[in-house]
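What the coordinates show
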Amino acid sequence: MSAETTPAVNDSVSLYDVDNPAPVIEPPRKRTKKTPKTTRTNFEMYGWLFMRLSGIVLVVLVLGHLLLQLVLDGGVSKIGFAFVAGRWASPFWQVWDLVMLWLAMLHGANGLRTVINDYAQRDNTRFWLKMLLYTATVFTVLLGTLVIFTFDPNIR
Amino acid sequence: MSTSTLEKHSKALDAAEDGASHTITITLRIRRFNPEVSEDATWQDFQLEMDPKERVLDALHKVKWEQDGTLTFRRSCAHGICGSDAMRINGKNRLACKTLLKDINPEKPITVEAIKGLTVLKDLVVDMEPFFQAYRDVMPFLITTGNQPTRERLQSAEDRERFDDTTKCILCAACTSSCPVFWNDGQYFGPAAIVNAHRFIFDSRDEGGEQRLEILNDKDGVWRCRTTFNCTDACPRGIEVTKAIQEVKRALITRRF
Ligand code: HEM
Ligand code: SF4
Ligand code: FES
């Protein structure tokens, strides 16, 4: 009565038998005796809280930013050196952009850290991907901060 | 479909006498794996005459008892109590003994495979040890200080209600093996361990809550939960698993602030 989609036993001579079973597939990063016990820090908790708190602030900052830059007052066509210079003349927009830069970068970096933790299988891969991420984050945050504070509207 | 009681009775009698008229032909498509034969897992189809009111477990029994005795799966109570027959049925984690054929569209082939994220040992049997290790790690037993009372430890109905939901767990692993974070990283405690920690953390008689919270504050603890809700969907006991995890998170945060 049983209709088989695939034969249970291959026609070719089987490599495996009772005394020589095939290797089973271990799931990634099994919990073992060597798994370090509690980390005793609150880092992950603060990370989790930060994602939510920065998220709330980012809703205002990012949506406001997109609205101002891309929608209101003529849309993208208005954006130019003069527009940016005009905005950064005011400390309000300097602070806005600075906070947005830091929050979005740290939020995005921590989010990607989570993604790397989830998907990188080997410890080495995970370590180097994170190093790359942290380097890129520090570089972008510092460069952005530098530009906001040292921006010169009279540059030639 | 309004029939008089008398007519219904005679119909039921007819049906009882003519058992075969109830049955339909179903296809059970089972993910087979036998390391003593091959390193590859394969799908195998079985055609069965089943009453749609029967369960997937009955279909598995029929296969094992009448067609292929090598089919390997766990079951014990067959009534949704022991938690030994969680499996992936049509892509969703369920207990085979609580899943009626008529509820999962028996017209199409019904796929049955082992739960994910744990090592498959044979056919539908997985190595549950990592799952129970995480369970043991949260200390799922009453912890108290001081002398034992001479009578039972009293608790108000409200205090009992606080953790009622999480007392229902039967450790079937349907939730943990439905969690994508657990699939990718077996070091995550997983929903079931958190549910069983919750059961004691919020028990007014228990005094080990602080220790359990500290364990779950770990980098492989509750903060790895991404609120996917797969666990809540999977739980055959209807436990609000994701909510329990969130309550542990909240307890950790309010403890600090
Ligand atoms: C607009 C307002 C935003 C809100 C409300 C928000 C909210 C959140 C929250 C709550 C999480 C955590 C999810 C979890 O733990 O499961 C998250 C994750 C993440 N966010 Fe945001 N976010 C916002 C903007 C951004 C921006 C601008 C970026 C990029 C720079 C970003 C990148 C990420 C990444 C990469 C993750 C990790 C994704 C994951 O966990 O799968 N988000 N976001
Ligand atoms: S919480 Fe539900 S799905 Fe998870 S192990 Fe317990 S009974 Fe099974
Ligand atoms: S066999 Fe016991 S829960 Fe299904």
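Computed from a predicted structure; not experimentally measured.

**A few points about the overall build of chain A**
- Per the secondary structure count, chain A includes four helices and zero strands.
- Beginning at the N terminus, the succession of helices and strands in chain A can be written as α-α-α-α.
- Out of the 156 residues belonging to chain A, those deemed buried represent 29%.
- A sequence separation of at least 24 residues applies to 65% of the contacts in chain A between residues at least 6 apart.

**What about the site of ligand 2?**
- Around ligand 2 sit 13 residues, and of these B:C169, B:C172, B:A173, B:C175 and B:C235 come closest.
- For the shell around ligand 2, the residue count by class is 12 nonpolar, no polar and one charged.

**Topic: the coordination of the iron atom of ligand 1**
- The protein gives the iron atom of ligand 1 a lone donor atom, A:H107 (NE2), placed 1.9 Å from the metal.
- For A:H107, the location among the structural elements is in helix α3 (residues 91–119).

**Brief notes about the UniProt feature "transmembrane region" (unreviewed entry) in chain A**
Residues and elements named next belong to chain A.
- Per the UniProt record, the feature "transmembrane region" (unreviewed entry) sits at residues 49–72, 92–110 and 131–151.
- Strand forms 0% of residues 49–72 and helix 96%; the C-alpha atoms that close the span are 33 Å apart.
- Taken end to end, residues 131–151 comprises 95% helix and 0% strand; its first and last C-alpha atoms sit 29 Å apart.

**A word on the sheet that holds strand β1 (residues 24–32) of chain B**
All names here are of chain B.
- A sheet is described by the order of its strands in space; here five strands give the open sequence β2-β1-β5-β3-β4, paired in mixed fashion. The sheet terminates laterally at β2 (42–50) and β4 (92–95), the two strands that pair on one side only. Pairs of neighbouring strands in the sheet enclose a mean axial angle of 35°, with direction left out of account.
- Across two bridges, strand β3 (residues 86–89) lies against strand β5 (residues 110–113) in antiparallel orientation.

**A word on the interface of chain A and chain B**
- Each side of the interface is counted separately: chain A has 39 residues, and chain B has 45 residues.
- For the pair chain A and chain B, the two sides together bury roughly 3900 Å², of which 52% comes from carbon and sulfur.
- A per-residue breakdown of the area chain A buries against chain B is headed by A:R31, A:M45 and A:W48, which together make up 19% of the total.
- At the boundary of chain A and chain B, one finds two salt bridges.
- Those elements that place two or more of their residues in the side of chain A that touches chain B are α1 (43–71) and α3 of chain A.
- If one sorts the elements of the side of chain A that touches chain B by residue count, α1(A) sits on top with five residues.

**Observations concerning the environment of A:G80**
- Residue position: A:G80 is located in the loop between α1 and α2 (81–88).
- Once the C-alpha coordinates of A:G80 and A:Y134 are considered, the two residues, 54 residues apart in sequence, prove to be 31 Å apart.

**Here we look at the site of ligand 1**
- Surveying the vicinity of ligand 1 reveals the residues A:M51, A:R52, A:G55, A:L58, A:V59, A:A104, A:H107, A:G108, A:G111, A:L112 and B:R226.
- Near ligand 1, the surrounding residues belong to chains A and B.
- At a separation of 2.8 Å, a nitrogen atom of ligand 1 approaches a polar side-chain atom of A:H107.
- Here B:R226 contributes a side-chain N or O atom positioned 2.7 Å from an oxygen atom of ligand 1.
- Listing elements by their share of the shell around ligand 1, those giving two or more residues are α1 and α3 of chain A.
- For the shell around ligand 1, the class distribution of residues is five nonpolar, four polar and two charged.

**Points about a nonpolar patch on the surface**
Residue and element names in this part refer to chain A.
- There is a patch of nonpolar side chains on the surface, built from V59, V60, V62, L63, L66, L67, L70, V71, L72, V76 and I79 and spanning about 920 Å² of accessible area.
- Summarising the element assignment, L63 is placed in helix α1.
- Residue classification places L63 among the exposed residues on the basis of a relative accessible area of 52%.

**Focus: helix α7 (residues 209–216) of chain B**
- For α7(B), the buried fraction is high: six of the eight residues fall into the buried class.
- Residues of α7(B) that are buried: B:G209, B:R212, B:L213, B:E214, B:I215 and B:L216.

**Examining the confidence of the model for chain B**
- Per-residue confidence for chain B gives a mean pLDDT of 91; residues scoring 70 or more make up 92%.
- Reported confidence for the predicted complex is 0.78 by ipTM and 0.85 by pTM.

**Considering helix α9 (residues 241–256) of chain B**
- An ideal rise of 1.5 Å per residue puts 22 Å on 16 residues; α9(B) measures up with 23 Å between its terminal C-alpha atoms.
- Residues of α9(B) that are buried include every one of B:V241, B:T242, B:A244, B:I245, B:E247, B:V248, B:K249, B:A251, B:L252 and B:I253, and no others.
- Check the buried side of α9(B) and you find it contacts α1 of chain A together with α4 (157–162), α6 (191–201), α7 and α8 (230–234) of chain B.

**Examining the pairing of β3(B)**
All names here are of chain B.
- Residue alternation in β3 divides its side chains into two sets, A86 and R88 and M87 and I89, and both sets are buried.
- Pairing between β3 and β4: four bridges, direction antiparallel. Among the inter-strand pairings, A86 is bridged to a residue of β4, identified as L95.
- Connecting β3 to the antiparallel partner β4 that follows it, the hairpin turn spans two residues, and N90 within it adopts a positive phi of roughly 50°.

**Focus on the environment of B:R29**
All names here are of chain B.
- With respect to the helices and strands, the residue R29 is situated in strand β1.
- Overall, R29 belongs to the partly exposed group, its relative accessible area being 28%.
- The spatial distance from the C-alpha of R29 to the C-alpha of V241 is 30 Å, given a sequence separation of 212 residues.

About the criteria used
Along every chain, residues carry numbers that run from 1 in the direction the sequence is written. Chain labels run from A onward and ligand labels from 1 onward, assigned in the order the entries are written. Where local features are concerned, this predicted model is filtered to residues with pLDDT of at least 70; where side-chain atom pairs are given and counted, the filter is 80 or more; whole-chain, interface and lining totals use all residues. Excluding hydrogens and water, the side-chain figures rest on all heavy atoms present in the structure. Numbered from the N terminus, helices here are DSSP runs of H or I no shorter than four residues, and strands are runs of E no shorter than two. For each residue, the accessible area found with a 1.4 Å probe, counting protein chains only, is set against the maximum for its type, and the residue is called buried under 20%, exposed over 50%, and partly exposed in between. Every residue pair with non-hydrogen atoms within 4.5 Å of one another is taken to be in contact. Each residue is tested against the molecule or strand, and it is near if at least one of its non-hydrogen atoms lies within 4 Å. Residue polarity follows a fixed list, in which Ala, Val, Leu, Ile, Met, Phe, Trp, Tyr, Cys and Pro are nonpolar, Asp, Glu, Lys and Arg are charged, and the others, Gly among them, are polar. A donor here means an N, O or S atom no more than 2.8 Å from the metal, or no more than 3.2 Å when the metal is Na, K or Ca. Since water is not included, a site may seem to lack partners. UniProt positions are given in the numbering used here, feature names are shortened, and annotations may be inferred rather than shown by experiment. At least two bridges found by DSSP between two strands are what make those strands a pair. Here an angle of 0 to 180 degrees is reported between the N-to-C directions of two axes, which are lines fitted to C-alpha atoms, with helices fitted over the stretch in contact. The term buried area means the drop in 1.4 Å probe accessible area that two parts suffer when joined, counted for both and summed. Every case where a carboxyl oxygen of Asp or Glu lies within 4 Å of a side-chain nitrogen of Lys or Arg is listed as a salt bridge. Pairs of N or O atoms are called polar contacts if they sit within 3.5 Å, as long as, within protein, a hydrogen donor faces a hydrogen acceptor (for residues adjacent in sequence, only side-chain-to-side-chain pairs). Two distance rules govern patches: like charges are joined within 9 Å, and nonpolar side chains (Val, Leu, Ile, Met, Phe, Trp, Tyr) within 5 Å, applied only to residues with over 30% relative accessible area and no salt bridge. To be clear on the numbers: accessible area is Shrake-Rupley with a 1.4 Å probe, and residue cover counts the displayed protein chains and nothing else. Confidence of the predictor at the level of single residues is given by pLDDT, which spans 0 to 100. Every helix has an expected span of 1.5 Å times one less than the residues it contains.

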